[in-house]
Amino acid sequence: TPATRRDANHVRAFRKLFPCPSTGQTDGACVGWVVDHAYPLCAGGADTPENMIWQEVRTSYLKDRLERELCRCKAGAK
C-alpha cells in the first residue's frame, strides 16, 4: 500500500550516512543486519533515513512480529 511503500533511494541515503555495521561498506550485502524503520510505516512512521536503523536480523524477527500485531490493532481501530 502507499502508506507502507518503501523507497530504495531513502535506504541508499541512510546507508551513505550509516555504513553496514559488519562490513563498514555503504552498499552491497550486510551479513547479519537489515535496515528497518525505527517507527513502523503502518503506525505513521516516515519512510526517511531519519526513521531508519540498522537492526540485527535475529532481533528484527521479534520486532516484525510485534509490528504486525500493532498494525493489525491499528487497522481494526479505524
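Model, not experiment: these values are computed from the prediction. (Residues numbered from 1 in each chain as written. Predicted model: local features only at pLDDT ≥ 70, side-chain atom pairs only at ≥ 80, totals over all residues. Heavy atoms only, no water.)

**Some remarks on the overall build of the protein chain**
What counts here: The helix count covers DSSP runs of H or I at least four residues long, the strand count covers runs of E at least two residues long, and both are numbered beginning at the N terminus. Relative accessible area decides the class of each residue, using a 1.4 Å probe on protein chains only: under 20% of the type maximum gives buried, over 50% gives exposed, and in between gives partly exposed. With residues, only the protein chains shown are counted as cover, and all accessible areas are computed by Shrake-Rupley using a 1.4 Å probe.
Of the regular secondary structure elements, the protein chain holds 2 helices and 2 strands. Along its sequence from the N terminus, the protein chain presents helices and strands in the succession α-β-β-α. Taken along its principal axes, the extent of the C-alpha atoms in the protein chain is 40 × 25 × 15 Å. With 78 residues in all, the protein chain has 24% of them scored as buried. Surface accessibility of the protein chain: about 5400 Å² in total, with carbon and sulfur atoms responsible for 59%.

**Regarding the nonpolar core**
We count it as follows: In these notes, a set of buried Ala, Val, Leu, Ile, Met, Phe, Trp, Tyr and Cys residues joined through side-chain atoms within 4.5 Å is what counts as a nonpolar core. Note on contacts: a residue pair qualifies if any of its non-hydrogen atoms lie within 4.5 Å across the two residues.
Counting 5 residues, the largest nonpolar core is built from Phe14, Cys20, Cys30, Met52 and Trp54. The residues contacting Cys20, other than those within four sequence positions of it, are Arg15, Gln25, Cys30 and Trp54.

**Notes on the packing of aromatic side chains**
To keep it simple, the criterion reads: Pairing of aromatic rings covers Phe, Tyr and Trp, the last counted by its six-membered ring, and requires centre-to-centre distances within 6.5 Å; plane angles under 30 degrees mean stacked, over 60 mean edge-to-face, and any other angle means tilted.
All chains considered together, the criterion is met by 2 aromatic pairs. For the pair Phe14 and Phe18, a centre-to-centre distance of 5.2 Å together with 35° between the ring planes defines the contact as tilted. Its relative accessible area of 2% is what places Phe14 among the buried residues. According to the relative accessible area criterion, Phe18 is partly exposed, its value standing at 45%. Measuring from ring centre to ring centre gives 5.8 Å for Phe14 and Trp54, while their planes differ by 50°; the resulting arrangement is tilted. Linking Phe14 in helix 1 (residues 8-17) with Trp54 in strand 2 (residues 52-56), this pair joins segments that are 40 residues apart in sequence.

Note that all results are geometric; they support no functional claim without further evidence.
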